[in-house]
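What the coordinates show
Listed below, chain by chain, are the residues.
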Amino acid sequence: MYKIDDLRYDYGALEPVIDRDTMVLHHDKHHMAYLNKMNALLEKYNYSKDYDLIELVNHIDFIDVVDREAFLFNYGGVVNHNLFFKIMGPSNHEPFGLVLDAINAKYGSFTAFKEAFIGLANTMMGSGWVMLVMKNNELDLIKLKNQDNPYILGYKPLIAIDLWEHAYYLKYRNVRPDYINAFFDVVDFAMVNALYEEER
Ligand SMILES: [Fe+2]
């Protein structure tokens, strides 16, 4: 069965932007709960293939329609969080490389891109995600409700912000805009650039 990705850094490595307690709960409890529920559904259907997790979403015909929503919700929880934790880190917070060139070409400047990303994140009602994604080598910003995932829509995601309350509530309480504004201080652009180079 599938596993969640280990954190590439210490739970406290993103402080003060994201506190250790939030990271422990978020990674070890929330993320793990999505994984356990997804695996339980796969077991229910005697899943025995070993598709890459990203690829798996294109092969879910074996799951009865009645369980599809629950599967996709938990699958999305797993892949979205894998991405979120992967593209953050304690260093490389300045954008650079080919991904910066692509951002500048699309949005005019990194500042303008950041404003568009933050602006879109602030429009999220309820729980969900905002992501910088790529399709046909074109960058775009998308908003996903709940645990909808970008892969089923054919997007290759590069940056993702988790807009569920569990992502920020311990530290930021009801002031979600402060969490959103601080997010780029923990994005690891070495990882984002590597994803861009891999996917383009
Ligand atoms: Fe989350």
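Predicted model, so just to flag it, every value in this text is computed and none were measured. (Residues numbered from 1 in each chain as written. Predicted model: local features only at pLDDT ≥ 70, side-chain atom pairs only at ≥ 80, totals over all residues. Heavy atoms only, no water.)

Here we look at the sheet that holds strand β3 (residues 156–162)
Spatial strand order, β2-β1-β3: three strands in an open sheet with antiparallel pairing. Whereas interior strands pair on both sides, the edge strands pair on one side only; in this sheet they are β2 (138–145) and β3. Across this sheet, the average inter-strand angle for adjacent strands is 20 degrees, counted without regard to direction. By the bridge criterion, eight bridges tie strand β1 (residues 128–135) to β2 in an arrangement that is antiparallel. In the strand pairing of β2, M134 is matched with L139. Running over the sheet, helix α3 (residues 65–86) touches β1 and β3 and is turned about 85 degrees from β3. Contacts from helix α8 (residues 189–199) reach β1, β2 and β3, with the element oriented near 150 degrees to β3. (Pairing = 2+ DSSP bridges. Helix = DSSP H or I, 4+ residues; strand = E, 2+ residues; numbered from the N terminus. Axes fitted to C-alpha atoms, helices over the stretch in contact; angles between N-to-C directions. Contact = heavy atoms within 4.5 Å.)

Considering the environment of I54
The topology assignment puts I54 in helix α2 (residues 53–56). Given the relative accessible area of 34%, I54 is considered partly exposed. Distance from I54 to G126, taken between C-alpha atoms, is 25 Å for residues 72 residues apart in sequence. (Buried < 20%, exposed > 50% of the residue type's maximum accessible area, 1.4 Å probe, protein only.)

Brief notes about the coordination of the iron ion
Taken together, H26 (NE2), H81 (NE2), D162 (OD) and H166 (NE2) make up the full set of protein donors to the iron ion, lying 1.9 to 2.1 Å away. Note that the iron ion binds four donor atoms; their angles at the metal cover 89 to 131 degrees, and the shape is tetrahedral. When the donor residues of the iron ion are listed from N- to C-terminus, their spacing reads H-x54-H-x80-D-x3-H. For the residue pair D162 and H166, the accessibility class agrees, reading buried in each case. (Donors = N, O, S within 2.8 Å, 3.2 Å for Na, K, Ca; no water. Tetrahedral: all angles 85-135°; square planar, octahedral: opposite > 155°, others 65-115°.)

Comments concerning unusual backbone geometry
Note the cis peptide between E15 and P16, where omega equals 5 degrees. A positive phi angle, near 60 degrees, is found at N92, a position not held by glycine. Mapped onto the elements, N92 comes out in the loop between α3 and α4 (97–107). Judged by relative accessible area, N92 falls into the partly exposed class, the value being 37%.

Some remarks on the domain arrangement of the protein chain
When the parts come together, some accessible area is lost, and that loss is often what is quoted as the size of the interface. On domain assignment, one finds that the protein chain holds domain 1 (20–86) and domain 2 (97–199). Contact residues are listed per partner, giving 19 residues for domain 1 and 21 residues for domain 2. For the pairing of domain 1 and domain 2, the buried interface totals around 1,700 Å² over both sides, and the portion due to carbon and sulfur atoms is 70%. Of all residues in domain 1, the largest losses of buried area upon contact with domain 2 belong to N80, L83 and F84, amounting jointly to 34% of the total for that side. At the junction of domain 1 and domain 2, the tally comes to zero salt bridges. Taken together, the links from domain 1 to domain 2 amount to seven residue pairs in polar contact (both at pLDDT 80 or more). For the side of domain 1 that touches domain 2, the secondary-structure elements that each account for two or more residues are α1 (20–44) and α3. Ranked by residue count, the leading element in the side of domain 1 that touches domain 2 is α3, at eleven residues. (Domains from an automatic or database assignment. Buried area = accessible area lost by both parts, 1.4 Å probe. Salt bridge = Lys/Arg side-chain N within 4 Å of Asp/Glu carboxyl O. Polar contact = N/O pair within 3.5 Å; in protein donor to acceptor, adjacent residues only side chain to side chain.)

Things to note about the packing of α4 against helix α5 (residues 110–122)
It is at 8 Å that the axes of α4 and α5 come closest, and there the two elements cross at 75 degrees. Relative to α5, α4 is oriented roughly perpendicular. Residue-level inspection shows L100, I103, N104 and Y107 of α4 in contact with α5, the latter providing F110, A112 and F113. (Parallel < 35°, antiparallel > 145°, perpendicular 65-115°, else oblique.)

A word on the pattern of salt bridges
Per the counting criterion, the structure on display carries four salt bridges. R8 is the salt-bridge partner of D188, the closest N and O atoms lying 3.3 Å from each other. You can see D188 sitting in the loop between α7 (176–182) and α8 and its partner R8 sitting in the segment before α1, a full 180 residues away along the chain. The exposure class of R8 is partly exposed, given its relative accessible area of 44%.

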